Amino acid sequence: VTGRKWPEIESLLKIMNINYEFVCHQGDLTLKIYEILKNGLTDAQTVIAGIGGDGTHCAIVNGMMKFKEENPDKQIPSYAIVPLGTANDIAKSFNIGSAKKISQAVMRRILLGALYGADYSCDLGKVAGKYFLDAFTVGVDAHILAGRDRDKNAIARNPVLNTFLKGYSIYVLNVIKSFSKCTNLNGTIEVDGSQIYSGKFYNIVINNTRIYAGEFDFTDSAIANDGLLDVLLFTGRRDYLIRYMLGNRHIHHKIRALSHKNTKFVQHKKGKIIKIKIEEPIKWQIDGESAGVSDTFTIETFPSAITLKIPVEPA
């Protein structure tokens, strides 16, 4: 998608007289960004604009933070989001929109935001040495993504199946498979030193920004610069299904609030450090990308870790 959209983006950059350097990289994007910063791209006038989905933005930010960890006395550039992914959770959380199927005027707003947008001091979460902008998930949602990645790679090697099964259809297929296959797990959740839950669960989402899985707003009080993360637990299949049915971001907030009632868990539990312990290793993901398997997690908040450039021009 980025390759197909780049000529349009480049044309607008030239029209708006914005100086730029285009970097296209197929390998480890985190390492690439780290190397770019290490070579001296750290002046206050520079903005790094990531063109892609939530996983791309996550990889770039991890490269920026890797450089910052090794060079705490140096300034890292501001970061701008040009959303070209499937879900675009981070962009939607800041009302940036999606540049995938939008007008040239909206694309113009996004690109001008990279240069003249408001500075937003954004928190980051961190787990197992990896930073995230949007969310950490362990449970059925992470199982779905792992299955999607596995099937996507297998289908890509089959010319016939690859013609009919594309990204979103593969995702939906794995939603069905995972929902029927995954069962409850036992575990505990600790927030800032206090145990808040012990028992069975189906899914755990820890949000930094509001929007999750493209179209859902489960934690509508989540603020990405309050120095806190929002914890949401799905206790079982029924709870999971109800929250997804009522959690669509386009539904009125009073209807979404119905999914908060009659549960065994406080909908919005905020904290700086969240610890999760599970009886058996399970898949986990950050910002829409599978990240590994573990049974113990410590999720930390890093307040105002990066500066985002947010468009201020009216849409």
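Residues numbered from 1 in each chain as written. Predicted model: local features only at pLDDT ≥ 70, side-chain atom pairs only at ≥ 80, totals over all residues. Heavy atoms only, no water.

(A) Representation of the confidence of the model for the protein chain within the structure. Looking at the protein chain, pLDDT values average 89 and 93% of them are 70 or higher. Looking across the protein chain, the model is least confident in helix H7 (residues 159-164), with a mean pLDDT of 74, and most confident in strand S4 (residues 130-132), with 98. (pLDDT = per-residue confidence, 0-100. Helix = DSSP H or I, 4+ residues; strand = E, 2+ residues; numbered from the N terminus.)

(B) Main features of a nonpolar patch on the surface. On the surface, Tyr168, Val172 and Ile176 cluster together into a nonpolar patch covering about 320 Å² of accessible area. Its location among the elements puts tyrosine 168 in helix H8 (residues 167-181). Relative accessible area serves as the criterion here: at 58%, tyrosine 168 is assigned to the exposed category. (Patch = residues over 30% accessible without salt bridge, like charges linked within 9 Å, V, L, I, M, F, W, Y side chains within 5 Å. Areas by Shrake-Rupley, 256 points an atom, 1.4 Å probe, with all protein chains shown as cover. Salt bridge = Lys/Arg side-chain N within 4 Å of Asp/Glu carboxyl O. Buried < 20%, exposed > 50% of the residue type's maximum accessible area, 1.4 Å probe, protein only.)

(C) Seen up close, the packing of aromatic side chains. One pass over the structure, following the stated rule, counts 18 aromatic pairs. Following the ring pairs from residue to residue traces out a cluster consisting of Phe179, Tyr202, Tyr212, Phe216, Phe218, Phe234, Tyr240 and Tyr244. Stacked on the ring of tyrosine 34, the Lys or Arg lysine 66 has its end atom at 4.8 Å from the ring centre. We note arginine 243 situated over the ring of phenylalanine 234; from NZ or CZ to the ring centre the distance is 5.7 Å. (Phe/Tyr/Trp six-rings, centres within 6.5 Å; stacked < 30°, edge-to-face > 60°. Lys NZ or Arg CZ within 6 Å of the ring centre and 35° of its normal.)

(D) Representation of the pairing of strand S1 (residues 47-52) in the model. Pairing analysis gives six bridges linking S1 to strand S2 (residues 78-83), with the strands arranged parallel. Directly across from valine 47, in S2, lies its bridge partner serine 78. With helix H3 (residues 54-70) bridging S1 and the parallel S2, this β-α-β connection has right-handed handedness. (Pairing = 2+ DSSP bridges. Right-handed = clockwise from strand over helix to strand, strands pointing away.)

(E) Representation of the nonpolar core. Counting 38 residues, the largest nonpolar core has Ile9 and Ile306 as its most contacted members. Per-element accounting of this core gives the leading share, five residues, to H3. In contact with isoleucine 9, not counting residues within four places along its chain, are Ile51, Val82, Leu84, Met107 and Leu111. Counting residues in hydrophobic clusters, the runner-up holds 24 residues, among them Cys58, Tyr197, Phe201 and Leu233. (Core = buried A, V, L, I, M, F, W, Y, C linked by side-chain atoms within 4.5 Å. Contact = heavy atoms within 4.5 Å.)

(F) Geometry of helix H6 (residues 140-156). An ideal rise of 1.5 Å per residue puts 24 Å on 17 residues; H6 measures up with 24 Å between its terminal C-alpha atoms. Of all the positions in H6, only Val140, Asp141, Ala142, Ile144, Leu145, Ala146, Gly147, Arg148, Asp151 and Ile155 are classed as buried. (Expected span 1.5 Å × (residues − 1).)

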